[in-house]
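Chain by chain, the residues:
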Amino acid sequence: MDEQLKKLIDEVCCYPDPSLERQKALNRLLMVIQQLPGIYKSGHQDYLEALNQTWEWVSRKICEFEARSPSFQQSLVIWINGYLKWRIKDLYIPDSNYTISLDRLIRNDEGDETSLLNILPDRQSQTISLDLLDIKIAQIQETERQCLGKRIWQYIEQDEEGKLTASHPRKNPECHCHLLAMRLLLEQPPHKIADIARELNISNQTLYSHWKKNCLPLLKEIGMNFGSD
């Protein structure tokens, strides 16, 4: 296996990046690497996302790999796990950049101030939980808040102006904010980023980045606009 791995890596690195030849060689290498025993496992629900990020990193950095133990295979697994464990650690650390600011005060139809946290309704009388955002939206109990919450919910669901549908990665028009908002925010239970990415044939990283950088600010803007009516 050591000799096979060395040969596959040498083949990848002898081609210019990017090139079709390098990509083909890289695909052959990844097929072998992904089957190596000892690749770190985790029970986290988004482990596959961390693993996917790791394979993308390996694809970029493989030519910088240097074996440091008598076994080339063991050294490669240790190198891969070193990056993978950090990506898994990231899954357990809240990132404020991924979170909508739900504490900002807005006015409801009666003129009372409330936060976005308190205006999104729960259709099944349960707390909505977004796996990747760690947002917990409280159950609506007061009538005046329910009205505004339903309006935002209906706006997202119907997207009559097409704002959510129009926002998508340039090469993936089917991965628009309306679909992601429905899957991640409105449906119960929320879908996982990894499952949606696999269904749309798009990388987890691209989908996640679009959701974070484009969809969340757009949803926040929608909530603020309703609050200022």
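Scroll up for the structure.
Now for a look at the structure at hand. Owing to the predicted nature of the structure, the values given are computational and were not obtained by experimental measurement. (Residues numbered from 1 in each chain as written. Predicted model: local features only at pLDDT ≥ 70, side-chain atom pairs only at ≥ 80, totals over all residues. Heavy atoms only, no water.)

1. A short note on the state of the cysteines
Condition: Throughout, a disulfide means two cysteine sulfur atoms within 2.5 Å of one another. Secondary structure elements follow DSSP: runs of H or I no shorter than four residues count as helices, runs of E no shorter than two count as strands, and numbering proceeds from the N terminus. A simple rule labels every residue: compare its accessible area, found with a 1.4 Å probe on the protein chains alone, to the largest value its type can have, and call it buried under 20%, exposed over 50%, or partly exposed in between.
Scanning the model with the defined rule gives two disulfides in all. Cys 13 shares a disulfide with Cys 63; S-S distance 2.1 Å. Here the S-S torsion is close to -110 degrees, and the disulfide linking Cys 13 with Cys 63 is therefore left-handed. One end of the pair, Cys 13, is in helix α1 (residues 2-13); the other, Cys 63, is in the loop between α3 (47-61) and α4 (72-91), and 50 residues separate them in sequence. Taken in N- to C-terminal order, the disulfide-linked cysteines of the protein chain are connected 1-2, 3-4. Cys 13 supplies the cysteine sulfur nearest to Cys 14, a cysteine that is in no disulfide, at a spacing of 8.0 Å. Given a relative accessible area of 53%, Cys 14 falls into the exposed group. Free of any disulfide, Cys 175 has its nearest cysteine sulfur in Cys 215, 7.2 Å distant.

2. Comments concerning helix α2 (residues 20-33)
The following threshold applies: In a helix, the anticipated span is given by 1.5 Å times the number of residues less one. By arc we mean the arc of the directions from the helix axis to the C-beta atoms, nothing more. The contact definition used throughout considers only heavy atoms, calling two residues in contact when any of these lie within 4.5 Å.
Along its 14 residues, α2 runs 20 Å from first to last C-alpha, staying within 8% of the 20 Å computed at 1.5 Å per residue. Taken together, the buried positions of α2 are Arg 22, Ala 25, Leu 26, Leu 29, Leu 30, Val 32 and Ile 33. Summarising the axial view, the buried residues of α2 lie within an arc of 155 degrees, below the 170-degree limit, and thus occupy one face. Residues of α2 that are exposed and angled more than 90 degrees away from the buried face: Leu 20 and Met 31. Residues of α2 that are buried make contact with α1, α3 and α4.

3. Observations regarding the environment of Ile 156
Residue position: Ile 156 is located in helix α5 (residues 143-158). On the accessibility criterion, Ile 156 (3% relative accessible area) is buried. Considering only alpha carbons, one finds Ile 156 and Gly 223, 67 residues apart in sequence, at a separation of 9.9 Å. Not counting residues up to four positions away in its chain, the partners in contact with Ile 156 are Leu 164, His 178, Ala 181, Met 182, Leu 185, Leu 186 and Leu 219.

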